[in-house]
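Take a look at the letters that make up each chain.
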Amino acid sequence: SNAFLKSILQTNKKTSKDFPTMTSDFLSALKDLPESSVLWIKYIEHLTKGIQDEEDIQLDDHLPRIEDALKSSINESVGVWGSLTKLLMAAGRFAAARECFQRAFRFTQKSEHRALWKYYVNLMKENRFISDDMRIVIYQQAILDDPKYARDLFDLYVQAGNIDGAFRILVDHSGLLKED
């Protein structure tokens, strides 16, 4: 378990182990270091890759373990929340992913919210199934913590023909909308 843990934490190189063996190795390592947010992130990324590679994953077998871990200090880790949300998105569980982000904002420090918004906005941009109305809501929330998303919201309002919304962004965030 310790040798596996060192190899996981020190490198991102591909391993020759198959998915079930890697999963078993992760579970053993997590028993030894249940408070390691880095290890949880790697485990969740492993599950995400498994879904993307169409491995036979029973996600409901893994989620309770992750939920239990989130009752510990790892719930303050932006990386764990971001990785879990990406896993849920990869599995097509969009409502659960949104709830995950909402929980993340409750458990992480306010100073970490910009990093959470970066995860959230990037996942939203990668997902073509999110409606423009939902994108607007997400950007409206994001600019409260990080005004840099004002330009994206402005562009989305213009694209949607919402001139009033675009005008409000111009008034409230004019300094951020200047051309680079």
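Residues numbered from 1 in each chain as written. Predicted model: local features only at pLDDT ≥ 70, side-chain atom pairs only at ≥ 80, totals over all residues. Heavy atoms only, no water.

> So what's going on with the packing of helix α2 (residues 19-32) against helix α3 (residues 37-52)? Residues and values would help.
Following both chains from N to C, one finds α2 and α3 inclined at 160°, their axes separated by 10 Å at the closest point. What the angle tells us is that α2 and α3 run roughly antiparallel. With respect to the hand of their crossing, α2 and α3 are arranged in left-handed fashion. Judged by residue contacts, F19, M22, T23, F26, L27, A29 and L30 of α2 engage L39, W40, K42, Y43, H46, L47 and G50 from α3. Taken together, the residues that form the contact of α2 with α3 break down as 10 nonpolar, three polar and one charged. (Axes fitted to C-alpha atoms, helices over the stretch in contact; angles between N-to-C directions. Helix = DSSP H or I, 4+ residues; strand = E, 2+ residues; numbered from the N terminus. Parallel < 35°, antiparallel > 145°, perpendicular 65-115°, else oblique. Left-handed = near helix turned anticlockwise from the far one by under 90°. Contact = heavy atoms within 4.5 Å. Nonpolar A, V, L, I, M, F, W, Y, C, P; charged D, E, K, R; others polar.)

> For the packing of aromatic side chains, give the residues involved together with the corresponding values.
Enumeration over the complete set of coordinates arrives at eight aromatic pairs. For the pair F26 and Y43, a centre-to-centre distance of 5.9 Å together with 50° between the ring planes defines the contact as tilted. You can see F26 sitting in helix α2 and its partner Y43 sitting in helix α3, a full 17 residues away along the chain. An identical accessibility class is assigned to F26 and Y43; each is buried. Judged by centre distance (5.9 Å) and plane angle (5°), the ring pair of W81 and F107 falls under stacked. With W81 in helix α5 (residues 78-90) and F107 in helix α6 (residues 94-107), the pair connects residues that are 26 residues apart, well separated along the chain. You can call F107 partly exposed: its relative accessible area is 37%. (Phe/Tyr/Trp six-rings, centres within 6.5 Å; stacked < 30°, edge-to-face > 60°. Buried < 20%, exposed > 50% of the residue type's maximum accessible area, 1.4 Å probe, protein only.)

> Lay out α5 with the relevant residues and their values.
Compared with the 18 Å implied by 1.5 Å per residue over 13 residues, the 18 Å span of α5 between its first and last C-alpha is a close match. Most of α5 is tucked away: 11 of the 13 residues are buried. Residues V78, G79, V80, W81, G82, S83, L84, T85, L87, L88 and M89 constitute the buried set of α5. Residues of α5 that are buried make contact with α3, α4 (59-69), α6 and α7 (113-126). A positive backbone phi angle near 80° is found at G92, which sits one or two residues after α5. (Expected span 1.5 Å × (residues − 1).)

> I'd like to hear about the pattern of salt bridges, residue by residue, with values.
Applying the stated criterion to the full structure yields nine salt bridges. The partner of D145 in a salt bridge is K110, and the shortest N-O contact between them spans 2.5 Å. Of this pair, D145 sits in helix α8 (residues 132-145) while K110 sits in the loop between α6 and α7, and the two are 35 residues apart along the sequence. When its relative accessible area of 18% is taken as the criterion, D145 is described as buried. For K110, a relative accessible area of 60% puts it in the exposed group. Two residues, K125 and D152, come together in a salt bridge whose shortest N-O distance is 3.7 Å. A residue pair is termed long-range when its members are at least 10 positions apart, and K125 in helix α7 and D152 in helix α9 (residues 150-160) qualify at 27 residues. (Salt bridge = Lys/Arg side-chain N within 4 Å of Asp/Glu carboxyl O.)

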